[in-house]
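Architecture at a glance
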There are 2 protein chains.
Amino acid sequence: MQRTAAQTRVLDAALQLFAQYGVGGTSLQMIADSIGVTKAAVYRQFKAKDDIVIAATERGLGRLEEALEAAEAQPNAKRARDRLLRAVVDVAVEDRRLASTLQFDPVVVGLLASQPPFQQFIARLYGVLIGEAGEEARLGAAMLAGAIGVAVMHPLTADVDDDTLRAYLLKYARRLIT
Amino acid sequence: MQRTAAQTRVLDAALQLFAQYGVGGTSLQMIADSIGVTKAAVYRQFKAKDDIVIAATERGLGRLEEALEAAEAQPNAKRARDRLLRAVVDVAVEDRRLASTLQFDPVVVGLLASQPPFQQFIARLYGVLIGEAGEEARLGAAMLAGAIGVAVMHPLTADVDDDTLRAYLLKYARRLIT
DNA sequence: GTCTATATAACGATAGAC
DNA sequence: GTCTATCGTTATATAGAC
């Protein structure tokens, strides 16, 4: 989806506020104030608050789309999984706060559950990461999702630089899904 | 803190709604309706919504208090850590949805950050789990927190029974902090 | 402890001028 | 694309009777 400059400004401000206050704790007034316009100007770009949440999520997950397609085209399952895992870690580290907002915010979770395209995307992601595997593999994947999402924004890791964080995450992540 | 029966009814209803809709998405009207009384009756028990959130969190973390004290009294650091880890996993599994609400809800996180007693409790918890260790141990602990919190409520693990979940969580958890 | 009723503020969202 | 002004709803919270 191609966004105008005004829409991009709204999304940038919204994502920052969502990460800090949660989606439910972020009002359109706060978004408008943060950009320096009125609420009406924001509504001109997105006709409802839900649309802002959805667009923000699309932008966040969009960065994984390319990596997912590449992984699905890779015939070697183990290699596909490893490359996708690397992409997931990259995105999470690069956008530390966004990662946990999208994964854990109750409003985002509830909204995404009602949007089939998102469910399908997530299903494809896990399909590559754990295949059609059994109980133990599913549990490992669930722990992996939480481990990455939380580790990148946890106070304990706030002073860890990106490269180090990436390296450790990959190392431990492989322990969880191998 | 000793609670009256009326206060307990409020907390029970609040926790269930918090887990389902998030704290920000749960109004006092919803809590009152769920109990079958009016808002005014709820305000009689807790003078503000924040107080309900704090009391609910206290009750959730209170179940770890005893285990934490026992662990701190244990001279063998490795054994102390393992016993505390077991208690954390037990509480998380037993109250699957509550665990992630308390850890990840933006409102809870923001509110707890302004309550020194909670910060101290969390610091004590991590103190036993990772000691005064370095970067890698801190990162392992952060991943561990996310892994447990997410795994117990993830759709991928919804059909895994408690005993199996506990066993797997302990097994993988030890891979993260050893 | 619970009720009715209300104060006050903020929310999401829209109309219409510029 | 942004503004002022406003609608209708819901939120937190309180006063006072029973």
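Residues numbered from 1 in each chain as written. Chains lettered and ligands numbered in written order. Predicted model: local features only at pLDDT ≥ 70, side-chain atom pairs only at ≥ 80, totals over all residues. Heavy atoms only, no water.

Observations regarding the side chain of B:Arg138
When you line up the elements, B:Arg138 lands in helix H9 (residues 135-151). Looking at B:Arg138, the relative accessible area reads 18%, which means it is buried. In this structure, B:Arg138 is in contact with A:Leu156, A:Asp159, A:Val160, B:Ile130 and B:Ala133, ignoring residues within four places of it in sequence. (Helix = DSSP H or I, 4+ residues; strand = E, 2+ residues; numbered from the N terminus. Buried < 20%, exposed > 50% of the residue type's maximum accessible area, 1.4 Å probe, protein only. Contact = heavy atoms within 4.5 Å.)

Topic: the interface of chain B and chain A
Counting residues at the interface gives 33 residues for chain B and 34 residues for chain A. The contact between chain B and chain A buries some 3100 Å² in all, and 69% of this surface belongs to carbon and sulfur atoms. Among the residues of chain B in contact with chain A, B:Met143, B:Leu156 and B:Tyr172 are the three that bury the most area, contributing 21% of the side total. Ionic pairing is found between B:Glu136 and A:Lys171, a salt bridge with its closest N-O pair at 2.7 Å. Going through the elements one at a time, H9 and helix H10 (162-177) of chain B are the ones with two or more residues in the side of chain B that touches chain A. Sort the elements by how many residues they give to the side of chain B that touches chain A and H9(B) lands first, with twelve residues. (Buried area = accessible area lost by both parts, 1.4 Å probe. Salt bridge = Lys/Arg side-chain N within 4 Å of Asp/Glu carboxyl O.)

Considering the packing of helix H10 (residues 162-177) of chain A against H9(B)
A pair of packed helices is characterised by two quantities: the angle between their axes and the separation of those axes. Where H10(A) meets H9(B), the closest approach of the two axes is 11 Å, and the angle between their N-to-C directions is 60°. What the angle tells us is that H10(A) and H9(B) run oblique. Of the two elements, H10(A) crosses H9(B), and the hand of that crossing is right-handed. When H10(A) is examined against H9(B), the residues A:Thr164, A:Leu165, A:Tyr168, A:Leu169, A:Lys171, A:Tyr172 and A:Ala173 are found in contact with a partner set consisting of B:Glu135, B:Glu136, B:Leu139 and B:Met143. The residue makeup of the contact of H10(A) with H9(B), split by class, is seven nonpolar, one polar and three charged. (Axes fitted to C-alpha atoms, helices over the stretch in contact; angles between N-to-C directions. Parallel < 35°, antiparallel > 145°, perpendicular 65-115°, else oblique. Left-handed = near helix turned anticlockwise from the far one by under 90°. Nonpolar A, V, L, I, M, F, W, Y, C, P; charged D, E, K, R; others polar.)

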